[in-house]
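In case you want the letters, here they are:
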Amino acid sequence: MLFLHKPATYLGITNSFCSHSATRFTCTSFEKACAIRYQISGLRGTEGAIFLFQNRCSWILASCKKVLILTIFRSCVHTESCFVPTSEIIAVEETDLNKKQRNSGKWQKMAKLHAFTVYYVKKAQNHRWRCSDVTFWCVDEQLCNQWIQALKELLELQTRPKQLLVYINPYGGKRQGKRIYEQKVAPLFSLASISTDVFVTERANHAKDNLFEVNINKYDGVVCVGGDGMFSEVMHGLIGRMQKDSGIDQNNPKAPLVQCNIRIGIIPAGSTDCVCYSTVGISDPVTSALHIILGDSQPLDVSSVHHNNTFLKYTVSLLGYGFYGDVLKDSEKKRWMGPMRYDYSGFKTFLSHHCYEGTISFQPAKHTLGSPRDKDSCRTGCHICRQSEQQLAEQRKKCGLKHEEDEEEWKVIKGKFLAINAVNMSCACPRSPKGLSPAAHLADGSADLILVRKCSRFDFLRYLVRHTNQDDQFDFSFVDVYRVKSFQFTSKLLEDNESDVTDIGKKHFGQFCRDHPACCCNIANSTWNCDGETLDSSAIEVRVHCQLMKLFARGIEENHKEAVSNQSRVEQLL
Ligand SMILES: Nc1ncnc2c1ncn2[C@@H]1O[C@H](COP(=O)(O)OP(=O)(O)OP(=O)(O)O)[C@@H](O)[C@H]1O
Ligand SMILES: CCCCCCCCCCCCC/C=C/[C@@H](O)[C@H](CO)NC(=O)CCCCC
Ligand SMILES: [Ca+2]
């Protein structure tokens, strides 16, 4: 149990909301406390933090402030302590004492007590977050209310969602979406006083169609419970609605799209959950719910895919031709298998070892500082993404929504490929923890284009295995990777058909290369896997739109080493 003294004193010492600058600190009589406070304020991440000291021995705080403060700090030296930034407090509630006292017999004999509970984010291993709580007790009702009021005011200052629109796909992944939402997410939203309008979808595209009709301005965000396919649906609904409301023609591949400011939260309940994993660092419904509650914001690049001036789809994770297109096509017939379908179809497609001939042309992304071969990955507060954000703002200032003519050079590559993968983000997921392109950025306005040329089955297996371990998957002579801002692809079959439409033999799908009977090259086209959905056209034109939308996420945080070392420095000071 923890007992507290007056909010002003406590918060003053610990550099919380009442004072952000050292000079405004007035508690000069407490020399030791002052010294501690000055040193704490020099630590990164402690601005505006309240410090909750967990202490196994319980005491009621006396009125003598000096003794009180020193007592707190002294008694913390050898005990557990933690500090919680105010931005990571979930809720503050008056505590139901009847319930608490039943659990703690010794307090029953005492005078009337008052208490409140602070719910906060506790960071665990592997980017997992949990809701933890600490209860503060007090004999003085007024003091207790003063604390509750002070903390609630502090929470009001945070910009957090209050009203959310939730779509649940009951059939995604292992068909657990509804249960996950009701048992793990809804109680947290209610604790954080978030109101929700919940739709359980009844068919594919239900959520997307609904987003064109609802009064979207009523909501601070949209939550989708499901996998990448469900996220894609919600994203298409929101971006499409935004363009429609602004009179932008999505069929024009060069149209500058209007940014979508309403954030999407993803509660993972699908088969791959790549977007969630790549933006949060883990596929875990409670962690995602807490990111939504705190009102985190992560901008995201979105690519548009067109064919012959017709809009096909948007993509944020994988746009893959060849291997991943074939895996998807085969796996769609096996949906009943659940997430296992990808393992089955993956193995089958690997054995078939088809390669496809075609031409890729692309514009290298010269505006961004990074390269796909960088050793560092995109992390929370990434400076490369921030630089792209600044460029975007400058460009908007200069041209507004006008389209800027793009004269930059195109590179052309012809060949036979086992896989052509374009990824807007790393595409990390539980199957591949560092993803298809570990150094790809979430919001730098570029995609990584990975070309896997024809090679032996054994070499392709070596390449695939590197998606699952720490080795560099680009360190192969048959793999090339480019950072691009746009690209086009045309299959050889289509090129031939366009140049010689009378050659009927070439239109026969499913045949193999006639010139070289032993060749694995498939005359038929593969299909594009666009974030887990197949595209009808093999010839496509792709353009990356920098930071077109936002998620309730903060990117993957650096390992907790830094946070832990901050905390232990605070402990040392105490
Ligand atoms: N009620 C529904 N009935 C049938 N299909 C639906 C329904 N609601 C949504 N869908 C569609 O189901 C598709 C797949 O859903 P979802 O992405 O949630 O699961 P998944 O495919 O198992 O996971 P992942 O995309 O991560 O591999 C989506 O494209 C979505 O449009
Ligand atoms: C011998 C060991 C070889 C193991 C190779 C494992 C490689 C796994 C890489 C996984 C990359 C996933 C990229 C994300 C794609 C999503 O947009 C999409 C929709 O959810 N999922 C798939 O297409 C599902 C794709 C699943 C492919 C297996
Ligand atoms: Ca990107």
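Refer to the structure printed above.
Residues numbered from 1 in each chain as written. Chains lettered and ligands numbered in written order. Predicted model: local features only at pLDDT ≥ 70, side-chain atom pairs only at ≥ 80, totals over all residues. Heavy atoms only, no water.

A. Spotlight on the overall build of the protein. In terms of regular secondary structure, the protein is built from 16 helices and 20 strands. Classification of the 574 residues of the protein by burial places 56% in the buried group. The long-range fraction of contacts in the protein, counting pairs at least 24 apart against all pairs at least 6 apart in sequence, stands at 78%. If you sum the accessible surface of the protein, you get close to 26400 Å²; carbon and sulfur atoms cover 50% of it. (Helix = DSSP H or I, 4+ residues; strand = E, 2+ residues; numbered from the N terminus. Buried < 20%, exposed > 50% of the residue type's maximum accessible area, 1.4 Å probe, protein only. Contact = heavy atoms within 4.5 Å. Areas by Shrake-Rupley, 256 points an atom, 1.4 Å probe, with all protein chains shown as cover.)

B. Structural detail: the site of ligand 1. As a structural note, the neighbourhood of ligand 1 is formed by 23 residues, with T201, G227, G229, E233 and S271 the closest of them. Interatomic distance of 2.8 Å between a backbone N/O atom of G229 and an oxygen atom of ligand 1. If ligand 1 stood free it would expose 640 Å²; the protein chains cover 87% of that surface. Breaking the shell around ligand 1 down by element, the ones donating at least two residues are α8 (228-245) and α12 (341-352). Here the element with the most residues in the shell around ligand 1 is α8; it accounts for four residues. Class assignment of the residues belonging to the shell around ligand 1 gives a composition of five nonpolar, 10 polar and eight charged. (Near = heavy atom within 4 Å. Polar contact = N/O pair within 3.5 Å; in protein donor to acceptor, adjacent residues only side chain to side chain. Nonpolar A, V, L, I, M, F, W, Y, C, P; charged D, E, K, R; others polar.)

C. Just the environment of Q488, in detail. Relative to the assigned elements, Q488 resides in strand β17 (residues 479-491). Separated by 51 residues in the primary sequence, Q488 and A539 place their C-alpha atoms 7.5 Å from one another. If sequence neighbours within four positions are ignored, Q488 has contacts with T359, I360, S361, W410, I540 and E541.

D. Geometry of the pairing of strand β14 (residues 356-364). The element β14 is extensively covered by neighbouring structure, given that eight of its nine residues are classed as buried. Of the pairings in the sheet, the one linking β14 to strand β15 (residues 411-423) comprises seven bridges and is antiparallel in character. The residue of β15 that forms the bridge with Y356 is F417. Bridge count for β14 against β17 is seven bridges, and the pairing is antiparallel. Bridging from a neighbouring strand, G358 pairs with S491 of β17. (Pairing = 2+ DSSP bridges.)

E. Structural detail: the state of the cysteines. Here the structure, examined in full by the defined rule, presents zero disulfides. C224 supplies the cysteine sulfur nearest to C276, a cysteine that is in no disulfide, at a spacing of 9.2 Å. C546 takes part in no disulfide bond, and the closest cysteine sulfur to it belongs to C385, at a distance of 8.1 Å. (Disulfide = S-S within 2.5 Å.)

F. Main features of the pattern of salt bridges. In this structure the tally under the stated criterion is 22 salt bridges. Here K218 ties to D197 by a salt bridge, and the two come within 3.4 Å at their closest N and O atoms. Of this pair, K218 sits in the loop between α7 (206-211) and β9 (221-226) while D197 sits in strand β8 (residues 195-200), placing them 21 residues apart in sequence. Of the residues examined, K218 reaches a relative accessible area of 44% and is grouped as partly exposed. Taking the relative accessible area as the measure of exposure, D197 reaches 25% and is therefore partly exposed. The partner of D448 in a salt bridge is R483, and the shortest N-O contact between them spans 2.7 Å. Residue D448 is found in strand β16 (residues 447-453), and its partner R483 is found in strand β17; the two are separated by 35 residues along the sequence. Comparing D448 with R483, the two get one shared label, buried. Put simply, E88, K123, D296, R554 and E557 are held in one network by salt bridges that share partners. (Salt bridge = Lys/Arg side-chain N within 4 Å of Asp/Glu carboxyl O.)

G. Main features of unusual backbone geometry. Here D273, not a glycine, exhibits a phi torsion of approximately 50°, which is positive. Looking at the element boundaries, D273 is found in the loop between β10 (263-268) and α9 (274-280). The exposure class assigned to D273 is buried, which follows from its relative accessible area of 7%. Even without glycine at this site, C427 takes up a positive phi of about 65°. Residue placement: C427 occurs in the loop between β15 and β16.

H. Spatial organisation of the packing of helix α6 (residues 177-191) against helix α10 (residues 285-294). At a minimum axis separation of 10 Å, α6 and α10 run at an interaxial angle of 30°. In this view, α6 runs roughly parallel relative to α10, as classed from their interaxial angle. At the point where α6 passes α10, the crossing takes the right-handed sense. Residues I180, K184, V185, L188 and F189 of α6 form the contact with α10, whose own contacting residues are P285, V286, A289, L290, I292 and I293. Of the residues assigned to the contact of α6 with α10, the class counts are 10 nonpolar, no polar and one charged. (Axes fitted to C-alpha atoms, helices over the stretch in contact; angles between N-to-C directions. Parallel < 35°, antiparallel > 145°, perpendicular 65-115°, else oblique. Left-handed = near helix turned anticlockwise from the far one by under 90°.)

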